[in-house]
Amino acid sequence: PVHREHVRLVKAAVGSLGLDKVIIMPSCLAPHKRGGARAAAADRLEMAKIAFGAVPQAEVSDYELRAGGTSYSYLTCRHFRELYPDAERYFLVGADMLENFFSWYKPEDITENVVIAAAGRVEELDPSLHDRFRARFHKDFAEIPFVGEAVSSTAVCVSVAFREATGGVGLEALDPAVLRYIGEHGLYAFPEQAAGLLLEKPSRILHSYRVALMACKRSKSLGIPLEKALIAAMLHDCGKYVSLSSPLLAGFRCPPGVPEPVLHQYTGAYLAEHSFGVSDAEILDAIRYHTSGREGMGRLEKLVFLSDMLEDGRNYDGVEALRALFWRDLDACLKTAFCEQLAFLRASGRPVYPLTERAAEWAQTLPGAVQTAE
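The paragraphs below set out a description of the structure included in this document. Values in this document were obtained by computation on a predicted structure and should not be read as measured data.

## Here's the deal with the overall build of the chain
Within the chain, the regular secondary structure consists of 19 helices and five strands. The dimensions of the chain, computed from C-alpha atoms along their principal axes, are 75 × 45 × 30 Å. Taking the intrachain contacts of the chain between residues at least 6 apart in sequence as the baseline, contacts between residues at least 24 apart amount to 71%. With 41 positive and 48 negative side-chain charges, the chain shows a separation of 2 Å between the mean positions of the two kinds.

## Let's talk about the sheet that holds strand E5 (residues 142-147)
The three strands lie next to each other as E3-E4-E5, forming an open sheet whose pairing is parallel. Both outer strands of the open sheet, strand E3 (90-94) and E5, are each paired with one neighbouring strand and no more. On average, each strand axis in the sheet is inclined to that of its neighbour by 25°, with strand direction left out of account. Across five bridges, the pairing between E3 and strand E4 (residues 115-120) is parallel. Paired with Val93 across the strands is Ala118, a residue of E4.

## Observations concerning the environment of Ala42
Its location among the elements puts Ala42 in helix H2 (residues 41-51). Residue Ala42 is classed as exposed on the basis of its relative accessible area of 57%. As a C-alpha pair, Ala42 and Asp62 span 20 residues in sequence and 9.0 Å in three-dimensional space.

## Quick notes on the packing of aromatic side chains
Evaluated as defined, the whole model comprises 18 aromatic pairs. Centre to centre, the rings of Tyr74 and Tyr105 are 5.5 Å apart; their planes meet at 75°, and the pair counts as edge-to-face. Of this pair, Tyr74 sits in helix H4 (residues 73-83) while Tyr105 sits in the loop between helix H5 (95-100) and helix H6 (107-113), and the two are 31 residues apart along the sequence. A network of ring pairs unites the aromatic residues Phe91, Phe101, Phe102, Trp104, Phe133, Phe137 and Phe141 as a single cluster. In this structure, Arg132 packs its charged tip against the face of Phe102, placed 4.2 Å from the ring centre.

## Observations regarding the side chain of Asp308
Relative to the helices and strands, Asp308 is located in helix H16 (residues 299-310). Assessed through its relative accessible area of 9%, Asp308 is described here as buried. One polar contact links Asp308 to His236, side chain to side chain, over a distance of 3.4 Å.

## Observations regarding the nonpolar core
Core analysis: the biggest nonpolar cluster contains 70 residues, and Phe162, Leu230, Leu300, Leu306 and Leu310 have the highest contact counts within it. Formed by 34 residues, the second largest nonpolar core is a distinct cluster that contains Phe52, Ala119, Val151 and Ala173.

## Describing the pairing of E5
Burial along E5 is one-sided: Ala142, Ile144 and Phe146 are buried, and none of Glu143, Pro145 and Val147, which face the opposite way, are. Here E4 pairs with E5 via three bridges, running parallel. Bridging across to E5, Ala118 finds its partner in Glu143.

The rules we used
- Residues numbered from 1 in each chain as written.
- Predicted model: local features only at pLDDT ≥ 70, side-chain atom pairs only at ≥ 80, totals over all residues.
- Heavy atoms only, no water.
- Helix = DSSP H or I, 4+ residues; strand = E, 2+ residues; numbered from the N terminus.
- Contact = heavy atoms within 4.5 Å.
- Lys, Arg positive; Asp, Glu negative; His and termini not counted.
- Charge placed at Lys NZ, Arg CZ, Asp CG, Glu CD.
- Pairing = 2+ DSSP bridges.
- Axes fitted to C-alpha atoms, helices over the stretch in contact; angles between N-to-C directions.
- Buried < 20%, exposed > 50% of the residue type's maximum accessible area, 1.4 Å probe, protein only.
- Phe/Tyr/Trp six-rings, centres within 6.5 Å; stacked < 30°, edge-to-face > 60°.
- Lys NZ or Arg CZ within 6 Å of the ring centre and 35° of its normal.
- Polar contact = N/O pair within 3.5 Å; in protein donor to acceptor, adjacent residues only side chain to side chain.
- Core = buried A, V, L, I, M, F, W, Y, C linked by side-chain atoms within 4.5 Å.

Here it is, written out as structure tokens:
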């Protein structure tokens, strides 16, 4: 969703570059975001109009939406060169986009039609980018003196999905009018799955929220659809406080030999399937094994298992080192996490669930070296 940092970036560009007009354009289908937005084109267009309504130089365009198909920037830049042949044309990007610009489709074509104007999204631009840009394109980009706050659209999506259960935690980045539009039109919401949060205590809901934030932020780099990561994280603990005598578990059959701390992963998967509309086998397995792990874990299972263990509310010796490894190498992190989990269980005299024992043995066959948390 369009958020306050998008607007602040545009205002900074207007002031820095002396712009007469800024064209805001929702894309039809961005090449790097295949899988689609969870809001319709008309809704994204309307939210942009709301968000930029107070910026007099801003004009919201439906050009790429009307064009349809994949929105390649080189075609858009060609179009606006034809539309404004005598104007000084800039293409406004954030630091993350600039770093990836070298791998875009036909970037030389883009630089023939516009001047790239870049601003740091969270921190100042890397000065070496100027050298790299000049070496590749034989011209420089314009730099906008602006450093924004760390606002992630992914985090905003998670916060919207958890909105009813958390009371709006994490939604400060949205214009109130945009947030109202999202609520009125049911955008970025998973109401059937979010109902599972009502089975949790308030503190556990916030834990699930933090798990979802971590899992969703990491999901893109793993090729996991954000919706899958979000639903699995949202429901991973939905069985934690549901008694086996509850009518919701009337058809549930517990596997033999399950220790009490592990039981909720199985009841959670049952509830997700039978009460909260989940039929995706990968999501169900991510819930079903999020505490114990298992041999042959898939990417989504690994992601939820580790996000549950490492979310920002966790505080134990070695957690920071594991978190750092989580963002670098998921398999190495899983391998190390299992080693530390087994060491903790054995040192505390707690029984080790056989499934966890086998999962730990399997994890040692994964690539990546075990790294100690010290």
